[in-house]
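# Report on the structure
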Amino acid sequence: MTAGAQPDAPGSGSGSARDRLVDAVRAASLAVVVLGHWLMASVSVSADGRVIPENALAELTALRPATWVLQVMPLFFMAGGFANLTVWRRTVAAGGGHVAFVRSRLTRLWRPVPWFLPAVPLIGLAAFAAGLPTGGAVRLAVLLLQPLWFLAVYTGIIAIAPVLLRWHSAAPRTVLAGLVVGAMVVDAVRLTGGPSGVTAANLALVWLFAHHLGVWYGDGRFAAVARRRLWVVLTAAVVALVLLTGPGPYPVSMVGLPGQLSNMSPPTVCVLVLSIGQGAAMLLARRRLERWLRRPGPWAAVVRFGSVAMTVYLWHLLVLVVAFGALLATGQVPPQPGSMTWWLTRPPWLMALTMVLAAVAVLMARLRGASRRANRRANR
């Protein structure tokens, strides 16, 4: 998503040094996350005037299996594993080490955040001024900060990546096996009512597993895997998810829903299996996607979207909240999820949100550019 270097410009001559598929998967995955949040989220107003957040998947139970495709955070971490391996090798070749690697990665990762953070309390204050109770305004601000969970987890991965990459060089299978066993043990503790603090370990174990699938990809270890074997792996992953979420103890949805065990907070073994399935699907589609990405138009779109990826990710929930606020301020209540009106209004709703978010991305890019130019002038 944002962990790697920015995509090179089409025709710049550096494209051969990049894996265009990874850049495209990163960009497409981010778009799916944003659209998924925009589709799932809704609000209603109670008889006493309280604004109640809703999740469309709570009503549309038939769509919950779609989260096996739409929950694409594993692909984010796979792309990050590829990027970390690439940057680590480049850092070592240039004579750098652990500190130089972490500094360069975190600088790029967190660069857009200071432009986003001031907007959060402003939205909270605006909601309070509009009549939302203090507790509701605080919860709203916390909601807007939720996208930062990815940055927090990924920061931890970056901090230990050089150690893990050295371990990978020495014993690649041991790394993956250790992460799988660790995640299974943590889930066993969680499902048997063990200490709740233990479950947080899967924030590291499961996402590190997805990250290391990306490392294996970057290392060329999947290059010779036959398509027949990839189909077997994909089929096995789907069957495993069916068993884990049918007779097994896990919910079908790969997105957390009220009143049930969450597969995401923290991630469960289901997300680990999902990582394997999505990785196999990506490899199966690789040749066709790479041919498509050689065309100037699709590659230019990937490059352009990649240049604003973190801005899109950080701001998409804020744009959504402002849109809901505008509806409620004009006396309109969003349609009931799953109703005919809800389905018919989804295309214009998504289009309107996209246009607003695009304007925000352009504005942030201009502000950051102006700031960089001012800093250069000040340092002359």
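### Notes on the nonpolar core
- With 86 residues, the main nonpolar core has Phe77, Phe150, Trp207 and Trp315 as its most contacted residues.
- At 13 residues, the largest contribution of residues to this core is made by helix H16 (residues 309–329).

### Thoughts on the side chain of arginine 64
- With respect to the helices, strands and loops of the structure, arginine 64 is situated in the loop between helix H2 (56–59) and helix H3 (67–70).
- For the buried arginine 64, no salt bridge exists, and the shortest N-O distance to an oppositely charged side chain is 8.1 Å, to glutamate 59.
- At a separation of 3.4 Å, a polar atom in the side chain of arginine 64 contacts the main-chain carbonyl oxygen of alanine 58.
- Once you skip the residues sitting within four places of it in the chain, arginine 64 turns out to touch Leu57, Ala58, Val252, Ser253, Leu257 and Gln260.

### Some points on unusual backbone geometry
- In this chain, serine 265 is followed by proline 266 through a cis amide linkage whose omega measures -5°.
- If you trace the backbone, proline 266 turns up in the loop between helix H12 (227–245) and helix H13 (269–284).

### Here's the deal with the pairing of strand S2 (residues 51–55)
- The pairing of strand S1 (residues 41–45) with S2 spans five bridges and is classified as antiparallel. Paired with valine 45 across the two strands is valine 51, which belongs to S2.
- Adjacent in sequence and paired antiparallel, S1 and S2 are bridged by five residues, among which glycine 49 carries a positive phi angle near 90°.

Scoring rules and cut-offs
- Numbers given to residues run from 1 along each chain, matching the order in which its sequence is written.
- This being a predicted model, a pLDDT of at least 70 is required before a residue's local features are given, and a value of 80 or more before pairs of side-chain atoms are given or counted; all residues contribute to the totals for chains, interfaces and linings.
- The side-chain figures draw on all heavy atoms in the structure; neither hydrogens nor water molecules are used.
- Among buried residues, the Ala, Val, Leu, Ile, Met, Phe, Trp, Tyr and Cys ones that are joined through side-chain atoms within 4.5 Å form a nonpolar core.
- For each residue, the accessible area found with a 1.4 Å probe, counting protein chains only, is set against the maximum for its type, and the residue is called buried under 20%, exposed over 50%, and partly exposed in between.
- Helix and strand definitions here come from DSSP, where helices need a minimum of 4 consecutive H or I residues and strands a minimum of 2 consecutive E residues; each element is numbered from the N-terminal end.
- Under the convention used here, Asp and Glu are negative, Lys and Arg are positive, and both His and the chain ends fall outside the count.
- The rule for a salt bridge is simple: a side-chain nitrogen of Lys or Arg has to be within 4 Å of a carboxyl oxygen of Asp or Glu.
- For this analysis, a polar contact is any N or O atom pair within 3.5 Å, provided that within protein one partner can donate a hydrogen and the other can accept it, and provided that sequence-adjacent residues contribute only side-chain to side-chain pairs.
- In this analysis, two residues are considered to be in contact whenever any of their non-hydrogen atoms come within 4.5 Å of each other.
- Here a strand pair is declared whenever DSSP counts at least two bridges between the two strands.

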